[in-house]
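If you want the building blocks of each chain, they are given just below.
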Amino acid sequence: MVREIGPRSGTVARVGDVFAPCEVLNPAVRRRLSSLVGCAPGQPPPLFPGELAGAPLPLGAGGRAELRSAVEAGLGDAALVELGGMRLGEVVPVIRTLAGDVAARPTPVRLQSLLERNGASTWAVLAERTLGEIASWAGMGHKGLARLVGLALDAGIDGSTGAVWAQPGSSARTSTPGPAVSPTAADDLSLLLARGAGGAVRSALEGCTGEDQAEEVRSAATRLLARFERVRHPILAVLDQALAAVGDTRDLGVLYHCVLRLEGRSSLAQVATALGVGTERVRQIRARAAERLDAALGAPGAPGGAGLDHLARDLAERLGAAAPIAAVDEVLTSSGLPALPDTRSLLALWLAGPYHPVKGHQGWVATDPGELLAETRRLLGEDGGVTSREQVAKELATLDVTGQHAGLWLERQAVQAVDGLLVLTAGTVAEVAERALFAAGRAMTGEELVAAVWPGPGEPGRAEVEAALRRDRRFVAVGAGRFELAEWGGAPASEAVAERPGPEGARCWLLVEVNAPVLTGALAPVPLPLVEALGMHEGLRRTFASRFGPVALAYDGVPTRGSVRHVALAAGAVAGDVVAFGFDGREGDAVVVLVHRHEVCTGLGEIA
């Protein structure tokens, strides 16, 4: 969607409003444009095409003329071919808001006759024609097309600037401000400017102080700028001077993108592509800019030296060695500095730290990201990956990570709280489950483990967790789906009543995992609900017939079953399989179902 601009809108246009496809211009032309548009206070010079498109237009007549000349010179054959499929109204969006004939402006006679001959003598019609179509007109050619784009730029720039003070309904391109600005409006504007939210407006005000502006406009702009100077933090002037000592817009842009910027910091290769130079050249520019900055700040008698030192110490103390970007913004604004990404505030942080982005943790900065990440991994990995939050926070405090920031930092790590302890969730399913059981100190079901350490979507489910634990000798099943660490010495209870018994009054199911005790003929306890469901009371023994031989149950203090070795072997079971017995108390028989190892996870729920 094209933003409406011009005298009636009362807004200041940006480069992208009068020439949108800045990326087709070669690096040399973009650097020239960067030097023309400059940058608003606290904002970095535009180096990349997207940044250039968002830069405010120069308001002086000379700057606007140079901008048009630079763009037109940059529209060589290759650039125009690349733009061939775009409409002129997409290349120069502002002409869509212009009415009237193209010839209303000074237009070369030959170009004017070409437009009339092809039925495109008005801006409205011309805006809908593609550059490829226009270039195909007899007698147009690439040079004529570049001149036409330049003419559109001229018309668009004149239609979108010099109207900061225009009243609704006014058609004048430069109008007087009318009544004096009320104190409330001036206070509001000064507050916005002081907080860094009005960089483009301040740039516009500075443009309104030029000799080509009406006296009333210059006077009003001067008054508002004076108010701004009174409310801004006194150290900002010192930071501005230091940044000015870095060099031209190219040097300052490299410093911002490669050194000062906290989020989305650009690589040397990216900046080199934008500037049209080699990576080594960008490295040299970066080093030179940093040296100049150090020299400007550390020179004997440098203005604001004591104030800068105090500000840097205060920021460093409040932020610590690591902090989220949101906290950085809060500290800056509460200190009277503009919010990020104001370049002056970034410079203050550079003096306090410097702070760098933390790889893999978007939205976090640290003075030494490598040490922070390494120490965090070490702390969370100690004691087998189970530790207390208090101990980790205490260790982080020795790294100068403040208490509040330490808590927020831990929330970003691969840990889950289990019974008050932090459990590292990095690693295999079995490794994480081992840590969770160690932290809990009790048996847990697969469902409990999933809820404790894998609560998010896409994590392993109960069946996957239980299968992993059954295969691993570090765990022992002590009940229906309940697991302990084998080192605790708990007795295996591989038999349980099936989760899905048959219909009401039908068989009661017992699941027996085939393991070494089963294959040696050992007896084993069975769940009390099983013998009670079969109508057995204490002191009673019953034998159930099956096609693979008899199966005995006894209730002598502790419900037990007799040897089922003969049944398992006759059914063809091997270690790891499960034999399911379906007892019928009325008929006195048992149905035997064999579930093989590879079917254990999915078949147990279906045997009934």
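Quick caveat, the model's predicted, so the values are computed rather than measured.

What about the overall build of the protein?
Within the protein, the secondary structure is distributed over 30 helices and 17 strands. Residues counted as buried form 47% of the 608 residues belonging to the protein. Within the protein, residue pairs in contact and separated by at least 24 positions form 60% of the contacts whose partners lie at least 6 positions apart. With an accessible surface of roughly 28100 Å², the protein has 53% of that area assigned to carbon and sulfur atoms.

Some details on unusual backbone geometry
Looking along the chain, the bond that leaves L340 and enters P341 is cis, with omega of 10°. Its place among the elements puts P341 in the loop between α19 (325–334) and α20 (343–352). With an omega dihedral of 0°, the bond running from G353 to P354 counts as a cis peptide bond. Relative to the helices and strands, P354 resides in the loop between α20 and β2 (356–357). Positive phi, close to 55°, is recorded for D383, a residue that is not glycine. Along the chain, D383 falls in the loop between α21 (369–381) and β4 (386–388). For D383, a relative accessible area of 60% gives the class exposed. Although it is not a glycine, D400 adopts a positive phi angle of roughly 70°.

Some words on the sheet that holds strand β14 (residues 551–556)
Across the sheet, 4 strands lie side by side as β12-β15-β14-β13; this open sheet has antiparallel pairing. Sheet topology places β12 (524–525) and β13 (541–544) at the edges, where each strand pairs with a single neighbour. In terms of strand pairing, β12 meets strand β15 (residues 558–561) through 2 bridges, oriented antiparallel. If you follow A524 over to β15, its bridge partner there is R561.

Quick word on helix α7 (residues 109–117)
All buried positions along α7 are accounted for by L111, L114 and L115. Angularly, the buried residues of α7 cover 95° about the axis, an arc narrow enough to put them on a single face. Every exposed residue of α7 that faces more than 90 degrees away from the buried side is listed here: V109, R110, E116 and R117.

So, the pairing of strand β5 (residues 415–418)
In this structure, β5 lies alongside strand β6 (residues 421–424), joined through 4 bridges in antiparallel fashion. Note that in β6 the partner of A417 across the bridge is L422. What sits between β5 and β6 in their antiparallel hairpin is a turn of 2 residues, with D419 showing a positive phi close to 50°.

Structural notes on α21
Look at α21: 18 Å from first C-alpha to last across 13 residues, which is about the 18 Å you get at 1.5 Å a residue. Every buried residue belonging to α21 is among P369, L372, L373, T376, L379 and L380, and all of these are buried. In an axial view of α21, the angular spread of the buried residues amounts to 135°, which keeps them on one side of the axis. Downstream of α21 by one or two residues, D383 has phi in the positive range, about 55°.

Some details on the packing of aromatic side chains
As enumerated under the stated definition, the model contains 3 aromatic pairs in all. Geometrically, the ring pair formed by W364 and W409 is edge-to-face, given 5.1 Å between the ring centres and 65° between the ring planes. Of this pair, W364 sits in strand β3 (residues 364–366) while W409 sits in helix α23 (residues 403–411), and the two are 45 residues apart along the sequence. Here W364 and W409 have matching classes, each one buried. A ring pair is formed by F544 and F583, whose centres lie 4.9 Å apart and whose planes are at 65°; its orientation type is edge-to-face. Placement of F544 in strand β13 and of F583 in strand β16 (residues 578–584) is noted, with a sequence separation of 39 residues between them. Neither residue differs from the other here; F544 and F583 are each classed as buried. One aromatic cluster in this structure is built from F544, F581 and F583.

Observations concerning the packing of helix α15 (residues 249–260) against helix α17 (residues 279–298)
Their axes nearest at 9 Å, the elements α15 and α17 cross at an angle of 95°. When the axis of α15 is compared with that of α17, the two are roughly perpendicular. Residues R250, D251, V254, L255, C258 and V259 of α15 lie in contact with α17, whose contacting residues are R281, V282, I285, R286, R288, A289, A290, R292 and L293. Across the contact of α15 with α17, the residue classes tally to 9 nonpolar, no polar and 6 charged.

Describing the sheet that holds strand β1 (residues 322–324)
Taken in spatial order, the 3 strands make up an open sheet running β1-β3-β2, and their pairing is antiparallel. At either end of the open sheet lies a strand with only one pairing partner, and these are β1 and β2. Where α19 meets the sheet, its contacts fall on β1 and β3, and the angle it forms with β1 comes to roughly 90°.

What to know about the nonpolar core
In this structure, F19 and L126 are the most contacted members of the largest nonpolar core, which totals 48 residues. Among the elements that take part in this core, helix α10 (residues 141–160) stands out by supplying 9 residues, more than any other. Those residues in contact with F19, other than ones at most four positions away along the chain, are V24, L25, V71, L75, V91, P93, V149 and L153.

Topic: the packing of α21 against helix α22 (residues 389–398)
Axis separation between α21 and α22 bottoms out at 10 Å; the angle between their running directions is 155°. With respect to α22, the axis of α21 lies roughly antiparallel. In terms of crossing hand, the pair formed by α21 and α22 is right-handed. Of α22, the residues touching α21 (which contributes T376, R378, L379 and L380) are V392, E395 and L396. Looking at the contact of α21 with α22, its residues break down into 4 nonpolar, 1 polar and 2 charged.

A closer look at the confidence of the model for the protein
Summarising the model, the protein shows a mean pLDDT of 79, and 82% of its residues fall at 70 or more. Of the regions scoring below 50 in pLDDT, residues 499–505 engages in 10 contacts with residues more than four places distant in sequence or in other chains.

What about the pattern of salt bridges?
Counted according to the given criterion, the structure contains 20 salt bridges. With a closest N to O distance of 3.0 Å, R288 and D251 form a salt bridge. On the criterion of sequence distance, the pair formed by R288 in helix α17 and D251 in helix α15 is long-range, its members being 37 residues apart. For D251, a relative accessible area of 2% corresponds to the buried category. One salt bridge in this structure joins R474 and E434, with 3.0 Å as the shortest N-O distance.

A look at the environment of A524
Turning to its location among the elements, A524 is positioned in strand β12. You can call A524 buried: its relative accessible area is 16%. Remark: the alpha-carbon pair of A524 and V512, spanning 12 residues in sequence, is separated by 9.8 Å.

Calculation notes
Residues numbered from 1 in each chain as written. Predicted model: local features only at pLDDT ≥ 70, side-chain atom pairs only at ≥ 80, totals over all residues. Heavy atoms only, no water. Helix = DSSP H or I, 4+ residues; strand = E, 2+ residues; numbered from the N terminus. Buried < 20%, exposed > 50% of the residue type's maximum accessible area, 1.4 Å probe, protein only. Contact = heavy atoms within 4.5 Å. Areas by Shrake-Rupley, 256 points an atom, 1.4 Å probe, with all protein chains shown as cover. Pairing = 2+ DSSP bridges. Arc of directions from axis to C-beta. Expected span 1.5 Å × (residues − 1). Phe/Tyr/Trp six-rings, centres within 6.5 Å; stacked < 30°, edge-to-face > 60°. Axes fitted to C-alpha atoms, helices over the stretch in contact; angles between N-to-C directions. Parallel < 35°, antiparallel > 145°, perpendicular 65-115°, else oblique. Nonpolar A, V, L, I, M, F, W, Y, C, P; charged D, E, K, R; others polar. Core = buried A, V, L, I, M, F, W, Y, C linked by side-chain atoms within 4.5 Å. Left-handed = near helix turned anticlockwise from the far one by under 90°. pLDDT = per-residue confidence, 0-100. Salt bridge = Lys/Arg side-chain N within 4 Å of Asp/Glu carboxyl O.

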